[in-house]
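Coordinate analysis (summary)
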Amino acid sequence: MSTHTTTGVTHYHVQKRRRAAFIEEWRKNQRTVVELEDVVMHPTERGSRVGVYVGADGDRPTRTMDALAHELDPGVTTTVHRHSWDAMVFVVAGWGWTEIDGKRIDWGPGDSLHLPSWSWHRSGNEGQETARYLTFSSGPLLETMGMAVLEDAGHTPVAELAPRPPFSPGRDGADPYATRLRRLGRDQEARRSGRLHTSWDELELRNTPRGTRTTFLLDRAIGYQASGITMAMFEIGPGRAQSMHRHPGEAWLYVVEGSGESYLGTEPEGGERHPWKKGDIIVVDHFLWHQHINTHPEHTAKVVRIHMFDSLLETMRALCDPLVLFEEPPDHIRDAQAGDPSTIEWPALTRPTWP
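The model shown is predicted, which means the values in this text are computed figures rather than measured ones.

Rules of the game
Residues numbered from 1 in each chain as written. Predicted model: local features only at pLDDT ≥ 70, side-chain atom pairs only at ≥ 80, totals over all residues. Heavy atoms only, no water. Helix = DSSP H or I, 4+ residues; strand = E, 2+ residues; numbered from the N terminus. Expected span 1.5 Å × (residues − 1). Buried < 20%, exposed > 50% of the residue type's maximum accessible area, 1.4 Å probe, protein only. Arc of directions from axis to C-beta. Polar contact = N/O pair within 3.5 Å; in protein donor to acceptor, adjacent residues only side chain to side chain. Pairing = 2+ DSSP bridges. Salt bridge = Lys/Arg side-chain N within 4 Å of Asp/Glu carboxyl O. Contact = heavy atoms within 4.5 Å. UniProt positions renumbered as here; feature names shortened; annotations may be inferred.

Let's shift gears to helix H3 (residues 176-191). Helix length check: H3 (16 residues) gives 22 Å between terminal C-alpha atoms against 22 Å at 1.5 Å per residue, within 8%. Of all the positions in H3, only Ala 178, Leu 181 and Gly 185 are classed as buried. Seen end-on, H3 carries its buried residues on one side only, within an arc spanning 55°. In H3, the exposed positions that point more than 90 degrees away from the buried face belong to Pro 176 and Arg 186. Two or three places before Tyr 177, at the opening of H3, Asp 175 has a side-chain oxygen 3.1 Å from that residue's backbone nitrogen.

Right, dumping it as structure tokens:
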């Protein structure tokens, strides 16, 4: 006896409804600015408090990255856990430490860390004040592909924890299988030896044609082996603006210091301006033209930008070619929007404060 599987209607109608329902749900939950006051902190079994800026667990779904806030009270050490995705950490208050596969890294305000996929990690606060940090992870992307795995080991000693998943280093041979073993082995060796920490005291900001001064916090250009997420910080002069541009993919901008507004629109003119302040996150999406503006006449504004995977963007560029996926005005318009950053009297770089 044979059986037939049928949807009752054509695949065309099923896919059309599914796509429409997905976009409707996506737009319903989309945000442009997530204010600090909107992030509700919840106690967790790990010993910390966690709040969601952007991510499915906070009713603000994303497809590639999330953004969470964490707080550790004095004397707290979290449980140890690991996951199949990697994450970036940016500390905004307090002094503490994070242990990554048994290696302890001490940190303070403004420091950045990388938590590689499948690395066991926990954090602690031995100071006298609450420590606060943000994490930006590739969890949603792994969840989209059905490959998101999270394992919590409580307070198990590091020596008793299972190592990261093993891999074969490769073998001699010219056949495709031997070539694949060597290629993937080299990739894993590189990823497991990447940089883990950037101290605020090491940062050096440089002027850019967009009218800001900027520096990488976590990127392959400075020795990190992340999944492709990149984190940088830029500073906008008093009353100045970053030049306008647009690109696909999700990007978060966490306001470290200052206040201002962001222009977002389908065209370089006629869009909306969205105000922001210290502690907020600006959400850039939908391939919108955008420009970030410091509205304060005397003080600079510092923003940490987290961009989706350069690996995915490179793939999209190849698949969509000749469609342009990064666009900014001609140089003369860009320079007029940005102004000359060398004319700005930049202040000394000091660690972030909270609140």
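As a further point, take the sheet that holds strand E13 (residues 197-198). The sheet built from seven strands is open, its strands ordered E2-E3-E4-E11-E6-E9-E13 with antiparallel pairing. Edge positions in the sheet fall to strand E2 (42-43) and E13, since each of these pairs with one other strand and no more. Two strands pair when backbone bridges link them, and E2 and strand E3 (residues 49-54) are joined in this way by two bridges, in the antiparallel orientation. If you follow His 42 over to E3, its bridge partner there is Val 50.

Attention shifts here to the pairing of strand E8 (residues 103-107). The sheet contact formed by strand E7 (residues 96-100) and E8 spans five bridges and is antiparallel. Each bridged residue has a counterpart across the sheet, and for Trp 97 the counterpart in E8 is Asp 106. Where E7 folds back on E8, the antiparallel hairpin that results is connected by two residues, among which Asp 101 adopts a positive phi of roughly 50°.

A full pass over the atoms with the stated rule returns 24 salt bridges. Its salt-bridge partner being Glu 126, residue Arg 104 comes within 3.3 Å of it at the nearest N-O pair. Of this pair, Arg 104 sits in strand E8 while Glu 126 sits in the loop between strand E10 (121-124) and strand E11 (131-137), placing them 22 residues apart in sequence. Overall, Arg 104 belongs to the partly exposed group, its relative accessible area being 42%. Look at Glu 126 and you get exposed, because its relative accessible area is 58%. One network of salt bridges, with partners in common, ties together Glu 35, Glu 37, Lys 277 and Asp 280.

With respect to the helices and strands, the residue Thr 212 is situated in strand E15 (residues 212-218). Assessed through its relative accessible area of 2%, Thr 212 is described here as buried. The contact partners of Thr 212, leaving out residues within four places of it in the chain, are Arg 206, Asn 207, Phe 234, Glu 235, Ile 236, Gln 242, Pro 341 and Trp 346.

What follows concerns the UniProt feature "domain: Cupin type-2" (unreviewed entry) in the protein. Cross-referencing UniProt, the feature "domain: Cupin type-2" (unreviewed entry) maps to residues 71-135 and 233-304 in the present numbering. Secondary structure within residues 71-135 divides into 0% helix and 54% strand; the distance between the first and last C-alpha atoms comes to 11 Å. Between the end C-alpha atoms of residues 233-304 there is a gap of 4 Å, over a span that is 0% helix and 53% strand.

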